[in-house]
Every structure is written in structure tokens, then in C-alpha cells.
Amino acid sequence: MGTIARKTGYAVLAGFLAAMVPGVRPVHAGLPFLTDEAENLGKGTRQVELWYAGSTDEETAGGSVVKTDQHLPGVTFGYGVAETLDLTLGFARLWGKVTADGLSSNDAGSAVSTLSAKWRFLENAGFQLAVKPLVGYSYRVGGAGDDHTTSFGGWLLVTREHEALEVSLNAGFLYNDYGSTAERHASRSGIWIFSALAEYEVTPELKLGLDVGASTNSDKASGEMPAYALAGAAYSLNKSVDLSLGLKFGITMPEPDFAGTVGITVRF
């Protein structure tokens, strides 16, 4: 399906989605899912997430079979400033390898950092609504001096709880300010992102979820939206530590064929 993310603007988007990413992990809607909950951490709560996402993709281009492998480790730090307000700082590093007809080349990729805030402004009858503004910065490792991107965006988060089932909807917009003239000509500045997550509490320790989403294609040459489906599980070892595993599949061509995410969340 999609080729490796060569553009720094896409790296910001990829980094954000993979961590929700950045930052965005509330107590139980975090790793390995990409859709965020409207819930907050709680005043004084600190949270650290360590995660790794790897993807693989294969397609035929010009009669050649092209395989793309990507790696995206990251970390996020969250703090509950108030019962209804969180701040989160995230870091991620994206790189990959492309193999065409047996010949491989490495892509040094990009480094991404983000800062976000989540404010829950409404809670009523099982519904929670929150907004989450975000700013981000990425640069291409080993690139030219102008090969960087500054991003600004915001999300609306809606969560509905009913007994063991919880459903969250996200709608967001990300604007990328490219430093490179070539990037501005090749990449869309505005990226819309929509996603939904259904989680079911099998036991007090185990949650299973299905996450689906789509976004604007950052490549101006393509109008097809990247779309994914992600199945995941989060297991709580205790009140402070969660382990997570997610498997993501590409629904449309721009999305990688397959991706996996493993992570650990620690709250204190």
C-alpha cells in the first residue's frame, strides 16, 4: 500500500497518530489505540508511556516489487494539572528501509516533538466532551537546514460510557507549516483526521478495543484518504502499570499493509 513517509509533514502526522502521539493517553484509552478518550488523568497524576510501532508494506511500482519497513519508537509524559486539564509532552523518532527488487536503501527519517493540552469541558449523563489543542515540530534527520515542519492543530473528543462498553469519537485538524519550498509544493498543509474507538472491559484488568480512522492524504498527488483498522488489548498489572498490544491493518492504499504496537504505561 502506501510508500514510506518521506515528508516531514507526514512524519508529524504519523508521529501524532502513533502516540496519539503524542500525547494523549488518558487512563484507559491510551496505548495501543490511536483514538483518544475525553477522560483526564486526574489532578496531580503523572503518566509515562513508552511504545514502539513497526510497520511493513509491499506494493508494485513500475514493474518492481517495493517493500517498505518503518520503525517508530516514542515516549510521552503526561501530568494532570487539574481534574479536567492535562498537559502532555511527546517525542518520537521515525525511520525506515525501502527494498526494491532485492536492493535496499535506508531512510534516516524524522524526529518529532509535540505539546498538547486536554480540557474536559462537559460531563453529563454518561457523555464527556473535551478539546485538545496541539503544537508540534519535526525535522528531517540529516536533511537541509530548511527541512523542518511546525504543526498546529486541535481535536474534539467525545466519549460515551455504558456499563462495560465505552465509545469515543475524535475529529481534528492539523496545519503543517513547511520550512522547505519543495515540501510546500508537494504536501498539503491542512490535514483532517477522524477516528472512532469501541472498548469493552472483559475483566477489571483486561480491555479489548477496535479503533478505525481516516485522514487527509498529505501527498498533493493523491486524493485517496489513508484509512486503518486497529484491534488492541490493554492489560493492567496493577493500578499503576498497564501493558498494551495493538495490530493495525491498512484499509486503503496509502496506509501501510500491517503495523504492530507494543507499549507500557506507568502512572504515579
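Before any of the text, the structure's been laid out above.
Residues numbered from 1 in each chain as written. Predicted model: local features only at pLDDT ≥ 70, side-chain atom pairs only at ≥ 80, totals over all residues. Heavy atoms only, no water.

## Re the side chain of Asp211
So, step 1. For Asp211, the position within the fold is in strand S9 (residues 206–215).
So, step 2. Looking at Asp211, the relative accessible area reads 0%, which means it is buried.
So, step 3. Here the side chain of Asp211 touches Leu34 through a polar contact of 2.8 Å, landing on its backbone nitrogen.
So, step 4. At 3.0 Å, the side chain of Asp211 and the side chain of Tyr228 are in polar contact.
So, step 5. Residues in contact with Asp211, not counting those within four places in the same chain, are Phe33, Leu34, Thr35, Ser195, Ala196, Leu197, Tyr228, Ala229 and Leu230. (Helix = DSSP H or I, 4+ residues; strand = E, 2+ residues; numbered from the N terminus. Buried < 20%, exposed > 50% of the residue type's maximum accessible area, 1.4 Å probe, protein only. Polar contact = N/O pair within 3.5 Å; in protein donor to acceptor, adjacent residues only side chain to side chain. Contact = heavy atoms within 4.5 Å.)

## Quick word on the sheet that holds strand S6 (residues 148–162)
So, step 1. An order of S1-S2-S3-S4-S5-S6-S7-S8-S9-S10-S11-S12 is seen for the 12 strands of this closed barrel, with the pairing classed as antiparallel. The mean angle between the axes of side-by-side strands here comes to 20°, regardless of whether they run parallel or antiparallel.
So, step 2. In this structure, strand S4 (residues 103–124) lies alongside strand S5 (residues 127–140), joined through 12 bridges in antiparallel fashion. Among the inter-strand pairings, Asn124 is bridged to a residue of S5, identified as Phe127. (Pairing = 2+ DSSP bridges. Axes fitted to C-alpha atoms, helices over the stretch in contact; angles between N-to-C directions.)

## Observations regarding unusual backbone geometry
So, step 1. Following Leu31, the chain continues into Pro32 via a peptide bond in cis, with omega recorded as 10°.
So, step 2. Mapped onto the fold, Pro32 is located in the loop between helix H1 (8–19) and strand S1 (46–61).

## Comments concerning a nonpolar patch on the surface
So, step 1. A cluster of nonpolar side chains, contributed by Leu50, Tyr235, Leu237, Leu243, Ile264, Val266 and Phe268, occupies part of the molecular surface with about 620 Å² of accessible area.
So, step 2. Along the chain, Leu50 turns up in strand S1.
So, step 3. For Leu50, a relative accessible area of 47% puts it in the partly exposed group. (Patch = residues over 30% accessible without salt bridge, like charges linked within 9 Å, V, L, I, M, F, W, Y side chains within 5 Å. Areas by Shrake-Rupley, 256 points an atom, 1.4 Å probe, with all protein chains shown as cover. Salt bridge = Lys/Arg side-chain N within 4 Å of Asp/Glu carboxyl O.)

## Brief notes about the packing of aromatic side chains
Think of a pair of aromatic rings as described by two things: how far the centres are apart, and how the planes are tilted against each other in angle.
So, step 1. This model, assessed by the stated rule, comprises five aromatic pairs.
So, step 2. Measuring from centroid to centroid gives 5.5 Å for Trp119 and Phe121, while their planes differ by 40°, and the two rings are tilted.
So, step 3. Judged by its relative accessible area of 45%, Trp119 falls in the partly exposed class.
So, step 4. You can call Phe121 partly exposed: its relative accessible area is 37%.
So, step 5. Where Trp192 meets Phe194, the ring centres are 6.3 Å apart and the plane angle is 5°; that geometry is what we call stacked.
So, step 6. Counting every residue linked through ring pairs, the aromatic cluster contains Phe173, Trp192 and Phe194.
So, step 7. Sitting above the plane of the Trp155 ring, Lys132 keeps its charged end 4.7 Å from the centroid. (Phe/Tyr/Trp six-rings, centres within 6.5 Å; stacked < 30°, edge-to-face > 60°. Lys NZ or Arg CZ within 6 Å of the ring centre and 35° of its normal.)

## Quick notes on the pattern of salt bridges
So, step 1. Summed over all chains, the structure comprises five salt bridges.
So, step 2. Across the salt bridge formed by Lys118 and Asp36, the nearest N and O atoms sit 3.3 Å from each other. With Lys118 in strand S4 and Asp36 in the loop between H1 and S1, this residue pair connects regions lying 82 residues apart in the sequence.
So, step 3. One salt bridge in this structure joins Asp107 and Arg140, with 2.7 Å as the shortest N-O distance. Of this pair, Asp107 sits in strand S4 while Arg140 sits in strand S5, placing them 33 residues apart in sequence. Each of the two residues, Asp107 as well as Arg140, counts as buried.

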